[in-house]
Amino acid sequence: MKLTILGSGTGFPSSLRGGPGYLVQSGGQAIVMDLGMGTLSKLHGLGIPLDHFGPILISHLHPDHIAELVSLLFALKNIVISRKIPLRMIGGPGLKGLVTQLQEVHGGWIRPERFALQVHEVAGGEIPLGELTLRAVPLLHTKGSIGFRLTAPTGESLAYSGDSDTCPALVDLVRDADLAVMECSFPDTQKKEGHLTPSEVGRVATEGGAKRVVLSHLYPECEGVDLVAQCGRHYQGDVIIARDLMSLTV
Ligand SMILES: [Zn+2]
Ligand SMILES: [Zn+2]
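Model, not experiment: these values are computed from the prediction. Residue numbering note: each chain is counted from 1, following its sequence as written. Chain labels run from A onward and ligand labels from 1 onward, assigned in the order the entries are written. Local features in a predicted model are, by the rule used here, given only for residues with pLDDT of at least 70; side-chain atom pairs are given and counted only at 80 or more, and totals for whole chains, interfaces and linings are based on all residues. Side-chain numbers here rest on the full set of heavy atoms in the structure, without hydrogens or water.

Engineer: Please explain the sheet that holds strand 5 (residues 87-91) as it appears in this structure.
Structural biologist: In this scheme, strands are said to pair when DSSP sees at least two bridges between them. Think of it this way: any DSSP run of H or I at least four residues long counts as a helix, any run of E at least two long counts as a strand, and we number them from the N terminus. The strand order across the open sheet built from seven strands is 6-5-4-3-2-1-14, with neighbouring strands paired in mixed fashion. Sheet topology places strand 6 (117-121) and strand 14 (247-249) at the edges, where each strand pairs with a single neighbour. In this sheet, adjacent strand axes meet at a mean angle of 20° when their direction is disregarded. Pairing of strand 5 with strand 6 involves five bridges; the strand directions are parallel. By the bridge assignment for strand 6, Arg 88 is matched with Gln 118. Inter-axis angles, ranging from 0 to 180 degrees, are taken between N-to-C directions of lines fitted to C-alpha atoms, where helices are fitted over the stretch in contact.

Okay, here's the thing in structure tokens:
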């Protein structure tokens, strides 16, 4: 699996960091996790064609994680896009209702006609995605928030927290993961309920035995702070600060 960080930021507009978005490429699939601000232009820059990419995994329905959902469906109506294959969208409870409501507002402009839009709601469990296995794990953030874990047939695993506070399910999500992409919204001195600090990421990663950690979903308050040191006080493995368009092999 190859992970490319499309956006390492949040809903806060930033010239440094796009909104949350992650591309996972494996076995011909181009899976996109979350559709934050700037995700679509980054995909275009990487040469990922809208005709073929997918599935899309949505961690939760906060606007920073679905910001470009309408833009994507509108772009897919463009005559130059010849997509025929279904587009699968997988997320927690509420995703179907959201898509339906957006389509009621925007009408035919975001209702695909040439391909099927398949929206799946998951509350947990495993789903095969091509050669990969996807596990969805409910986490502590909003009602319906889920984290994702992708496992290759050869056993390598990538965990993505979406947004979450500390909870036993998050430890389970990152258990023995080869790479854990974890939200790290604010530094240790500015803990906000529903989000993680670097120290909390470190503790969760240690408890779960994650082999490498990427700190992402970084609010501007994180800039200039030694997040690696804060996380490293509680975790012995590699700590990587996410940057937009950074690629990592899992
Ligand atoms: Zn967020
Ligand atoms: Zn959120």
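That shown, we press on.
Engineer: I keep staring at the coordination of the zinc ion (ligand 2) and nothing clicks. Help me out?
Structural biologist: Reference values for coordination geometry: four tetrahedral donors around a metal ideally subtend 109.5 degrees, six octahedral donors ideally subtend 90 or 180 degrees. Protein coordination at the zinc ion (ligand 2): the donors are His 60 (NE2), His 62 (ND1), His 141 (NE2) and Asp 163 (OD), at 2.1 to 2.4 Å from the metal. A donor here means any N, O or S atom no more than 2.8 Å from the metal (3.2 Å for Na, K and Ca); water is not included, so a site may seem to lack partners. Geometry assignment treats four donors as tetrahedral when all angles are between 85 and 135 degrees, treats four as square planar and six as octahedral when opposite donors are over 155 degrees apart and all others between 65 and 115, and treats everything else as irregular. Each of the four donor atoms bound to the zinc ion (ligand 2) contributes to angles spanning 91 to 164°, and the resulting shape is irregular. Between the zinc ion (ligand 2) and the zinc ion (ligand 1), the interatomic distance is 3.5 Å, and Asp 163 donates to each metal, bridging them. Highlighted residues: His 141 in the loop between strand 8 (132-138) and strand 9 (146-151) and Asp 163 in the loop between strand 10 (157-160) and helix 5 (168-173), separated in sequence by 22 residues.

Engineer: Would you take a moment to explain the coordination of the zinc ion (ligand 1) for this structure?
Structural biologist: The zinc ion (ligand 1) binds to the protein through Asp 64 (OD), His 65 (NE2), Asp 163 (OD) and His 217 (NE2), with metal-donor distances spanning 2.1 to 2.2 Å. Read N to C, the donor residues that coordinate the zinc ion (ligand 1) are spaced as D-H-x97-D-x53-H. Each residue is assigned to one of three classes by its accessible area relative to the maximum for its type, calculated with a 1.4 Å probe on protein chains only: buried under 20%, partly exposed between the two thresholds, exposed over 50%. Of the residues examined, Asp 163 reaches a relative accessible area of 2% and is grouped as buried.

Engineer: Just checking my understanding: could you explain the nonpolar core for this structure?
Structural biologist: Nonpolar side chains tend to gather and get buried jointly when the protein is soluble and globular. Residue types Ala, Val, Leu, Ile, Met, Phe, Trp, Tyr and Cys, when buried and joined through side-chain atoms within 4.5 Å, form a set referred to as a nonpolar core. Of all hydrophobic cores here, the largest spans 29 residues; its most connected members are Leu 3, Met 33, Leu 150 and Leu 158. At the level of secondary structure, the elements contributing two or more residues to this core comprise strand 1 (2-7), strand 2 (21-26), strand 3 (29-33), strand 7 (125-129), strand 8, strand 9, strand 10 and strand 11 (179-183). In what follows, residue pairs with any heavy atoms lying within 4.5 Å of each other are defined as contacts. Those residues in contact with Leu 158 that lie beyond four places of it in its chain are Met 1, Leu 3, Val 24, Met 33, Phe 148, Arg 149, Leu 150, Leu 179, Val 181 and Val 250. Of all hydrophobic cores here, the second largest spans 26 residues; its members include Ile 48, Leu 69, Leu 73 and Phe 115.

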